[in-house]
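What follows is each chain in one-letter form.
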Amino acid sequence: MPADRPTSPDWLPLFFTKNPQPMFVFDLETLKFLAVNDAALRFYGYSRSAFLRGTLLSIRPKSEVRKLIAAVKPWRTRPGYYSGVWTHLKRGGRRVEVSVLGHRITYSGRRAWLSLIQDITQQKNLENALSRSEKYWRALLEQAPDFLLVVDRRLRIRYINRLAKGFNMRSVIGTPFDRYITPEFRKVARRNVLSVFQTGRPASYENRAQGNQGKLVWYLSRASPILRGKRVEEVIIAASDITERRLLRSRFEGVFKGSRDAIDYVALDGTLLEVNPAFERMTGYSRDELIEQKRFQDLTPPEYHHLDRKAVSSLLTMGQPCEWEKEYRRKDGTRVPINLTAFVVRGSTGKTEGFAAIIKDISERRKLERAILEASASEQGKFGRDLHDTLGQTLTGLSLLSKALRSKLGRRGAVEVPEAARLTELSSLAVRQARGLARGLLPGELQSADLASALRQLAGNARELFGIRCMVSAPSKVIIGEGSTAVQLYRIAQEAVHNAAKYARSPAGVRIRLRALPGELRLDIIDYGSGIPSPKRRHRGLGLGIMAHRARMMGGTLTVLRVPQGGTVVTCRCPRARPLQPRS
């Protein structure tokens, strides 16, 4: 019979704790459990503390107690292996027939027995697990998809679970572990393995080595320490074939480097970890100036930081790709408008490690959109002038004629005087409405970017045209550096007021509030009516979409919220206007 084989804490995590088969160790004298692995806890249904409070008798039916005690007695004096079929009890008393493979060991100075449990129903799938010798462990290792090597302190191979075709065990055992690694990677491999011996911390590296029939294969090697006390006696290396992964990576790198769109990869704190050449061209910085030197926040003007924070929060909580528009500041100080689509990057454990983003330069799109809006504004202005100069003059003449007619009929004492007075009233109303429409289409105050005055005029037009209360809260004079920004804000307010008059139907009316905050403008249009309908019941018009588009043109955002107490709040936030400097 072979001598006792001590259970080494170095091998316990590999062959015991993480073993997929249920295993436990019990004291041969007291039958008390000394150790149990996770698979046994799942199999029997106990917690670790509850299991370790029991004895070997706790999982046996009373009918087998005498037989068990008789079987254990010779194990105390005669070391060796044992296998047999027994009835065990799971938590709750359910019986299961199991095959038991056991071996006497020394555990923490005690004579103990190591048992491996197998449900007989899985016997065909685990035939190798029933081996009665040390080949059992070798069979498990040889079936592993990775190469497993044990290296001693002289960096020589003490054990390998299997060999590539064309090699034999006798020629491999005792040779330097890097003998079959290609020369350019030997230094990297030795440095990492020596680091494990010196620090006791795992290390990983990639290398090329000889595979089947001497063919070169890419491996990801993970080296972990095997401790005796606090000393690293050996290192176990798991080498996974990543040839296909490397091929996919090389293809991805081709797409990454050749993409016309900028691509970056950032850490959770925003530090740039990788960028492609298009990102360098977009920002004007070299890769060395960016990688681990700057955060994406450093390239983003302060007025867009709130958008970044909102997007990052959404990415972390929802895990879904997020798209938004903002600007980057180039190395030369100019700005470039961008559309950014970001998504979460997760590690092998599923934990979020960072973010990747595809970034499009939308300078040309912004210029085209601006040209379209300016053309639209020009046509509106032309229509407003025509309305004022033609229809307005005609209606003014009609109003004067109606007044003259009413006077003439009055002097004659005609019975048609009330009808003539009504005609005069309606013609005067038509004149006022035509002038209001003309002013709405051609807000003259915006020529000097005095948005507050234009908003007050808009409120006056709303009172005349729609008959609703409309109040304006704004600084006496808000000067905006770029007239187009003032126009876009005015049009957003105009559309929101029109929607409120059309749908809200509130006697409380509408409030327009303009605020100049540090670095940004905020425009709120609040109505106190029935509130915007839910998305399912909402009218499929273009108004909200056009307002959101105008906000994006200014580098801002638009939100539309339903107030629980009743009413709707339309909010536009945009940075203070400044000249756009598209990339040439």
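Please refer to the structure placed before this passage.
Residues numbered from 1 in each chain as written. Predicted model: local features only at pLDDT ≥ 70, side-chain atom pairs only at ≥ 80, totals over all residues. Heavy atoms only, no water.

1. Brief notes about the overall build of the protein chain
- In terms of regular secondary structure, the protein chain is built from 17 helices and 20 strands.
- Within the span of the protein chain, comprising 584 residues, buried residues form 44% of the whole.
- Counted over contacts in the protein chain with a minimum sequence separation of 6, partners at least 24 positions apart contribute 51%.
- Put simply, the protein chain shows about 32,200 Å² of open surface, and 54% of that area lies on carbon and sulfur atoms. (Helix = DSSP H or I, 4+ residues; strand = E, 2+ residues; numbered from the N terminus. Buried < 20%, exposed > 50% of the residue type's maximum accessible area, 1.4 Å probe, protein only. Contact = heavy atoms within 4.5 Å. Areas by Shrake-Rupley, 256 points an atom, 1.4 Å probe, with all protein chains shown as cover.)

2. Digging into the environment of Ala493
- Positionally, Ala493 belongs in helix α16 (residues 483-504).
- Here the alpha-carbon distance between Ala493 and Leu455, two residues 38 residues apart in the chain, equals 7.8 Å.
- The contact partners of Ala493, leaving out residues within four places of it in the chain, are Leu455, Leu458, Leu523 and Ile525.

3. Considerations on helix α17 (residues 543-553)
- Taken together, the buried positions of α17 are Gly543, Met547, Arg550, Ala551 and Met553. Taken end-on, α17 shows its buried residues confined to a sector of 160°, consistent with a single buried face. (Arc of directions from axis to C-beta.)

4. Quick notes on the pattern of salt bridges
- Taken as a whole, this structure holds 20 salt bridges when the rule is applied.
- Asp178 is the salt-bridge partner of Arg190, the closest N and O atoms lying 2.6 Å from each other. One end of the pair, Arg190, is in helix α7 (residues 183-199); the other, Asp178, is in the loop between α6 (169-172) and α7, with 12 residues separating them in the sequence.
- The partly exposed category is assigned to Arg190, whose relative accessible area is 33%.
- A residue is classified by how much of its surface remains accessible, and Asp178, at 5% relative accessible area, is buried.
- The residue Lys360 makes a salt bridge to Asp261 at a minimum N-O spacing of 2.7 Å. In this pair, Lys360 is assigned in strand β15 (residues 352-361) and Asp261 in the loop between α8 (243-258) and β11 (262-267), connecting sequence segments 99 residues apart.
- Residue classification places Lys360 among the partly exposed positions, given a relative accessible area of 39%.
- The class of Asp261 is partly exposed, set by a relative accessible area of 22%.
- One continuous salt-bridge network, built from bridges that share partners, spans Arg513, Arg515, Arg522 and Asp524. (Salt bridge = Lys/Arg side-chain N within 4 Å of Asp/Glu carboxyl O.)

5. Structural notes on the side chain of Thr283
- In this fold, Thr283 is placed in helix α9 (residues 277-283).
- In contact with Thr283, other than residues within four places in its own chain, are Leu290, Leu299, Tyr328, Arg330 and Lys331.

6. Topic: the pairing of strand β1 (residues 23-27)
- Counted residue by residue, β1 has five buried out of five residues, so it is predominantly covered.
- Both faces of β1 are covered, namely the face carrying Met23, Val25 and Asp27 and the face carrying Phe24 and Phe26.
- As paired elements, β1 and strand β5 (residues 110-119) share five bridges and run antiparallel to each other. The residue bridging Met23 from the neighbouring strand is Leu116, located in β5.
- Summarising the sheet, β1 and strand β2 (residues 33-36) pair through three bridges and their orientation is antiparallel. From the neighbouring strand, Phe26 faces β2, where its bridge partner is Phe33.
- Connecting β1 to the antiparallel partner β2 that follows it, the hairpin turn spans five residues, and Leu31 within it adopts a positive phi of roughly 65°. (Pairing = 2+ DSSP bridges.)

7. Thoughts on unusual backbone geometry
- The backbone of Ser108 sits at a positive phi, close to 55°, despite the residue not being glycine.
- Looking at the secondary structure, you find Ser108 in the loop between β4 (95-107) and β5.
- For Ser108, a relative accessible area of 66% corresponds to the exposed category.
- One non-glycine residue, Leu155, lies in positive phi territory at about 65°.
- Position of Leu155 relative to the elements: it lies in the loop between β6 (147-151) and β7 (157-160).

8. Overview of the packing of aromatic side chains
- As enumerated under the stated definition, the model contains 13 aromatic pairs in all.
- Judged by centre distance (4.2 Å) and plane angle (10°), the rings of Trp75 and Trp113 are stacked. A residue pair is termed long-range when its members are at least 10 positions apart, and Trp75 in the loop between α4 (65-72) and β3 (81-89) and Trp113 in strand β5 qualify at 38 residues. In terms of burial, Trp75 and Trp113 fall into one category: buried.
- For the pair Phe279 and Tyr328, a centre-to-centre distance of 6.0 Å together with 70° between the ring planes defines the contact as edge-to-face. Residue Phe279 is located in helix α9, and its partner Tyr328 is located in strand β13 (residues 322-329); the two are separated by 49 residues in the primary sequence. Per residue, the accessibility class of Phe279 equals that of Tyr328, and both read buried.
- Counting every residue linked through ring pairs, the aromatic cluster contains Phe24, Phe26, Phe33, Phe43, Tyr44, Tyr46 and Phe51.
- Directly above the ring of Trp86 sits Arg60, whose terminal nitrogen or CZ lies 4.7 Å from the centroid.
- Stacked on the ring of Trp86, the Lys or Arg Lys67 has its end atom at 4.9 Å from the ring centre. (Phe/Tyr/Trp six-rings, centres within 6.5 Å; stacked < 30°, edge-to-face > 60°. Lys NZ or Arg CZ within 6 Å of the ring centre and 35° of its normal.)

9. Structural notes on the sheet that holds β15
- Overall, antiparallel pairing links the five strands, which are arranged β12-β11-β15-β14-β13 in an open sheet. One side of each edge strand has no neighbouring strand; the edge strands of this open sheet are β12 (272-275) and β13. Here the strands of the sheet are splayed against their neighbours by 30° on average, with no regard to which way each runs.
- Here nine bridges tie strand β14 (residues 335-346) to β15, and the two strands are oriented antiparallel to one another. By the bridge assignment for β15, Arg346 is matched with Thr352.
- Strands in contact with helix α12 (residues 305-318) are β13, β14 and β15; relative to β13, the strand with the most contacts, it is inclined by about 145°. (Axes fitted to C-alpha atoms, helices over the stretch in contact; angles between N-to-C directions.)

10. Things to note about the side chain of Asp308
- Examined against the element boundaries, Asp308 turns out to sit in helix α12.
- There is a polar contact of 3.1 Å between the side chain of Asp308 and the side chain of Trp324.
- Here Lys326 takes part through its side chain, which lies 3.0 Å from a polar atom of the side chain of Asp308.
- Among residues more than four places away in sequence, those in contact with Asp308 are Phe296, Thr300, Trp324 and Lys326. (Polar contact = N/O pair within 3.5 Å; in protein donor to acceptor, adjacent residues only side chain to side chain.)

11. Section: the sheet that holds strand β16 (residues 470-473)
- Judged by pairing direction, the sheet is mixed, and its five strands sit side by side in the order β16-β17-β18-β20-β19 without closing on themselves. The sheet is open, and its two borders are formed by β16 and β19 (557-562), each paired with just one other strand. On average, adjacent strands in this sheet sit at an angle of 15° to one another, irrespective of strand direction.
- Summarising the sheet, strand β17 (residues 510-517) and strand β18 (residues 520-527) pair through eight bridges and their orientation is antiparallel. Opposite Leu517, over in β18, you have Glu520 as the bridge partner.
- In the packing of α17 onto the sheet, the strands contacted are β19 and β20 (568-575), and the crossing angle to β19 comes to about 140°.

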